[in-house]
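Each chain, letter by letter, is given below.
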Amino acid sequence: MLTVLLLLWPVAAALLLHFFKGSVARVAAFGAALIEFVLAAYAALTFNGSNADQFSVNLPWIASAGINFHVGMDGLSLLLVLLTTFLVPIILLASFRRSFENASAFYALVLFMETGLVGVFTAQDAFLFYFFWEVALIPIYFLAGVWGGVNRAKVTFKFFLYTIVGSLFMLAGFVYLYFQTGPAANGLAAHNSDLASFYNLSLSAQQQSWLFWLIFAAFAVKMPIFPFHTWQPDTYTESPAPATMLLSGIMLKMGIYGCMRWLLPVVPLGVSQWQNLVLILSIIGIIYGAIIAIRQQDVKRLIAYSSLSHVGLMAAGVFSLTQIGLQGASIQMLAHGVNVVGMFFIADCIERRTGTRLIPDLGGLTRNTPILTVCFLVLLLGTVALPLTNGFVGEFLLLGGVYQYNAWMGAVAGITIILAAVYLLRMFQRVMLGPDSSFSATITDLTGAELAVLVPLIVLVFWIGLFPNTFLHLSEGSVMGILSEVVKR
């Protein structure tokens with residue numbers, strides 16, 4: 001029942017926020033999110049390390065159609081539930097420095113989105129997975145569309161259009177797979193939509209080939225990888241800071257997770273047919289995102305394109321179909337979530353103090369902000385993948401996986417480390433260490449509340465970098481299970 005509690009608690013808290021206003025609503029939301037994290041931490045402490053589902057609940061939902069409310073967590077699911085429940089209170093705390101009109105609705109939407117995200121990472125039924133997939137989309141649409149920037153309407157519509165079209169393709173693929181199944185054990189319906197039943201299907205290579213694109217469409221848009229990425233930079237830029245953190249820190253992981261859970265083991269012959277193309281697109285995205293990031297003058301857009309580049313490497317690692325590639329993607333999802341949320345929060349701190357995100361207008365900020373400078377540098381070095389930081393472990397494993405698949409692809413993908421150092425260190429030098437700007441003498445350092453956001457993130461930068469097995473052992477059994485499903489079929 002622990003998984004069900006993780007799903008229901010944010011919904012109950014979101015509904016209760018209707019009775020709170022202003023600062024009381026945000027404190028209540030933060031408290032609810034902390035309780036959710038405690039529940040997830042308890043699940044991690046009692047997890048036994050196997051690749052079998054734990055904390056599982058399987059109840060009839062639409063019994064006449066063979067659709068069940070089936071949720072549970074293996075190591076991979078647990079890793080992402082931990083990431084979600086850790087980052088949501090951090091993101092809520094980060095929003096305390098901003099005032100939002102109708103605050104209770106804003107924070108309620110964040111908690112509703114948390115339920116959708118946890119549901120995606122724990123669903124073991126295809127239509128339940130699709131339900132939570134859409135539940136996670138609706139709150140972020142309103143968060144960006146109502147509380148976003150000047151161009152929010154156009155940008156949010158584009159984001160919604162991309163994601164809903166991709167989702168409908170995935171739904172079509174699930175419906176086809178559903179009709180290929182037989183009845184579940186002790187089931188009355190002629191078909192069922194359980195994940196295990198999808199794994200046991202015997203589909204031809206031709207069927208799997210076109211099914212691959214139906215299912216992959218939703219995941220490719222959500223990550224996103226080149227050329228399905230065009231919604232991302234504008235959406236990240238126009239969304240309010242908490243929504244940007246949710247999108248980049250957690251929501252894009254839905255696409256990576258979906259590939260690992262619902263694509264590779266379900267249509268392995270389709271994956272093998274299109275593997276090379278997806279790897280090429282991923283590597284193009286790595287280089288393209290990095291080159292465009294170098295040219296950016298807006299700090300937030302630079303981080304957005306940096307995220308695109310890093311996601312391309314994660315996708316390449318997944319489609320290398322190697323153990324170290326999949327393990328690299330698992331821990332890099334965690335590391336990227338920590339780093340990108342911290343980077344966007346730093347950008348928000350600078351914008352609130354100066355009123356601008358434009359790099360040419362900034363410079364010499366370190367004069368009065370030594371603590372901000374140190375925090376910024378640590379998160380930046382984690383993003384660059386400096387050894388002993390969280391980014392290094394994942395990128396090393398990902399590049400190793402791509403290299404095992406194809407040495408030339410591994411070499412080209414490795415350029416991301418050099419390019420990331422170029423655009424991130426250049427941005428840091430111009431913003432923090434460059435010639436004094438009009439803000440150098442007046443800007444103030446981080447407050448205690450802002451440090452409360454950044455310190456847990458910085459702790460994880462070094463924890464993951466120094467003790468990666470803390471997290472790698474959680475996903476190892478799941479990764480081996482996924483690869484065994486791919487190989488046997």
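On a predicted model such as this, the values are computed, not experimentally measured, just so you know.

1. Here we look at the domain arrangement of the chain
According to the domain assignment, the chain contains domain 1 (1–266) and domain 2 (276–489). Each of domain 1 and domain 2 was reduced to a C-alpha centroid, and the two centroids are 22 Å apart. In this complex, domain 1 contributes 53 residues to the contact, which on the side of domain 2 involves 54 residues. Together domain 1 and domain 2 conceal approximately 4600 Å² of surface at their shared face, both sides included; 74% is due to carbon and sulfur atoms. On the domain 1 side of the interface with domain 2, the three residues burying the most area are Leu79, Phe226 and Leu264, jointly 14% of the side's total. Summed over the shared surface of domain 1 and domain 2, the result is 1 salt bridge. Linking Arg301 and Asp234 is a salt bridge whose minimum nitrogen-to-oxygen distance equals 2.8 Å. Along the contact surface separating domain 1 from domain 2 lie 9 residue pairs in polar contact (both at pLDDT 80 or more). Those elements that provide at least two residues to the side of domain 1 that touches domain 2 are α3 (75–94), α7 (195–199), α8 (205–222), α9 (232–238), α10 (241–251) and α11 (253–263).

2. With respect to unusual backbone geometry
That bond from Met223 to Pro224 is cis: its omega, -15 degrees, falls within 30 degrees of zero. Omega for the bond connecting Phe226 with Pro227 falls within 30 degrees of zero, at 5 degrees, which places this linkage in the cis form. Structurally, Pro227 is set in the loop between α8 and α9. Of note in this structure, Phe55 is not a glycine but carries a positive phi near 55 degrees. Phi angles above zero are rare outside glycine, and Leu388 is one such case at about 80 degrees. Classification of Leu388 by relative accessible area gives exposed; the value is 53%.

3. Considerations on the packing of aromatic side chains
Per the stated rule, a full pass over the model turns up 33 aromatic pairs. Consider the rings of Phe121 and Tyr257, whose centres lie 5.3 Å apart with planes at 80 degrees: the pair is edge-to-face. Here Tyr257 lies in helix α11 and Phe121 lies in helix α4 (residues 103–122), a separation of 136 residues in the sequence. The exposure classification of Phe121 matches that of Tyr257, with both residues buried. Here the aromatic rings of Phe212 and Trp213 are separated by 5.2 Å at their centres, their planes lie at 90 degrees, and the arrangement is edge-to-face. Assessed through its relative accessible area of 27%, Trp213 is described here as partly exposed. By way of ring pairs, the aromatic residues Phe129, Trp133, Phe174, Phe198, Phe219 and Trp262 are connected into one cluster. Note that Arg26 overlies the ring of Phe96, its terminal NZ or CZ placed 5.2 Å from the centroid.

4. Comments concerning a nonpolar patch on the surface
A cluster of nonpolar side chains, Leu388, Val455, Val459, Phe462, Trp463, Leu466 and Phe467, forms an exposed patch at the surface whose accessible area comes to about 680 Å². Checked against the element boundaries, Leu466 lands in helix α19 (residues 448–466).

5. Considerations on the pattern of salt bridges
A full pass over the atoms with the stated rule returns 7 salt bridges. Two residues, Arg357 and Glu351, come together in a salt bridge whose shortest N-O distance is 3.4 Å. For Glu351, a relative accessible area of 23% gives the class partly exposed. The partner of Glu450 in a salt bridge is Arg352, and the shortest N-O contact between them spans 2.9 Å. Of this pair, Glu450 sits in helix α19 while Arg352 sits in helix α14 (residues 323–354), placing them 98 residues apart in sequence. By relative accessible area, Glu450 is classed as buried at 1%. Each of Asp348, Arg352, Arg353 and Glu450 takes part in a single network of salt bridges with overlapping partners.

6. Focus on the packing of helix α2 (residues 22–46) against α3
Between two packed helices, both the angle of their axes relative to each other and the distance between the axes serve to describe the pair. Contact geometry for α2 and α3: axes closest at 9 Å, N-to-C directions at 160 degrees. Looking at the two axes, α2 sits roughly antiparallel to α3. Handedness of the α2/α3 crossing: left-handed. Facing Ala29, Phe30, Ala33, Leu34, Glu36, Phe37, Ala40, Ala41, Ala43 and Ala44 of α2, the residues of α3 in contact are Leu78, Val81, Leu82, Thr85, Phe86, Val88, Pro89, Leu92 and Leu93. A breakdown of the residues in the contact of α2 with α3 according to their chemical character gives 17 nonpolar, 1 polar and 1 charged.

7. Overview of the side chain of Glu36
Within the secondary structure, Glu36 sits in helix α2. Notably, Glu36 is buried but unbridged: the nearest opposite-charge side chain belongs to Arg261, and the N-O separation is 17 Å. With residues up to four places along the chain from it excluded, the contact list for Glu36 reads Leu5, Leu6, Trp9, Pro10, Thr85, Glu114 and Val118.

8. Looking at helix α1 (residues 2–16)
A rise of 1.5 Å per residue sets the reference length of α1, with its 15 residues, at 21 Å; its end C-alpha atoms lie 21 Å apart and thus fit the reference within 8%. Its maximal kink placed at Leu8, α1 deviates by approximately 25 degrees, while the proline Pro10 follows within four residues. Elements that come into contact with the buried residues of α1 comprise α2, β1 (54–62), β2 (67–73), α3, α4 and α5 (126–147).

9. Some remarks on the pairing of β2
The buried fraction of β2 amounts to 5 of the 7 residues, a majority that puts the element mostly inside the structure. Both β1 and β2 contribute to a ladder of 6 bridges, which runs antiparallel. Bridged to Val57 within β2 is Val71. The turn linking β1 back onto β2 is made up of 4 residues, and Gly66 within it adopts a positive phi angle of 75 degrees.

10. Quick word on the environment of Phe219
Here Phe219 is to be found in helix α8. Linking Phe219 and Cys259, residues 40 residues apart in sequence, is a C-alpha distance of 6.7 Å. Those residues in contact with Phe219 that lie beyond four places of it in its chain are Phe129, Trp133, Met170, Met254, Gly255, Gly258, Cys259, Trp262 and Leu263.

11. Observations concerning the confidence of the model for the chain
Of the residues in the chain, 98% have a pLDDT of 70 or more, and the chain-wide mean is 88. Model confidence for the chain, summarised as mean pLDDT per element, is weakest for α9 at 82 and strongest for α3 at 94.

Rules used in this analysis
- Residues numbered from 1 in each chain as written.
- Predicted model: local features only at pLDDT ≥ 70, side-chain atom pairs only at ≥ 80, totals over all residues.
- Heavy atoms only, no water.
- Domains from an automatic or database assignment.
- Contact = heavy atoms within 4.5 Å.
- Buried area = accessible area lost by both parts, 1.4 Å probe.
- Salt bridge = Lys/Arg side-chain N within 4 Å of Asp/Glu carboxyl O.
- Polar contact = N/O pair within 3.5 Å; in protein donor to acceptor, adjacent residues only side chain to side chain.
- Helix = DSSP H or I, 4+ residues; strand = E, 2+ residues; numbered from the N terminus.
- Buried < 20%, exposed > 50% of the residue type's maximum accessible area, 1.4 Å probe, protein only.
- Phe/Tyr/Trp six-rings, centres within 6.5 Å; stacked < 30°, edge-to-face > 60°.
- Lys NZ or Arg CZ within 6 Å of the ring centre and 35° of its normal.
- Patch = residues over 30% accessible without salt bridge, like charges linked within 9 Å, V, L, I, M, F, W, Y side chains within 5 Å.
- Areas by Shrake-Rupley, 256 points an atom, 1.4 Å probe, with all protein chains shown as cover.
- Axes fitted to C-alpha atoms, helices over the stretch in contact; angles between N-to-C directions.
- Parallel < 35°, antiparallel > 145°, perpendicular 65-115°, else oblique.
- Left-handed = near helix turned anticlockwise from the far one by under 90°.
- Nonpolar A, V, L, I, M, F, W, Y, C, P; charged D, E, K, R; others polar.
- Lys, Arg positive; Asp, Glu negative; His and termini not counted.
- Expected span 1.5 Å × (residues − 1).
- Bend = angle between axes of the 7 residues up to and from the residue.
- Pairing = 2+ DSSP bridges.
- pLDDT = per-residue confidence, 0-100.

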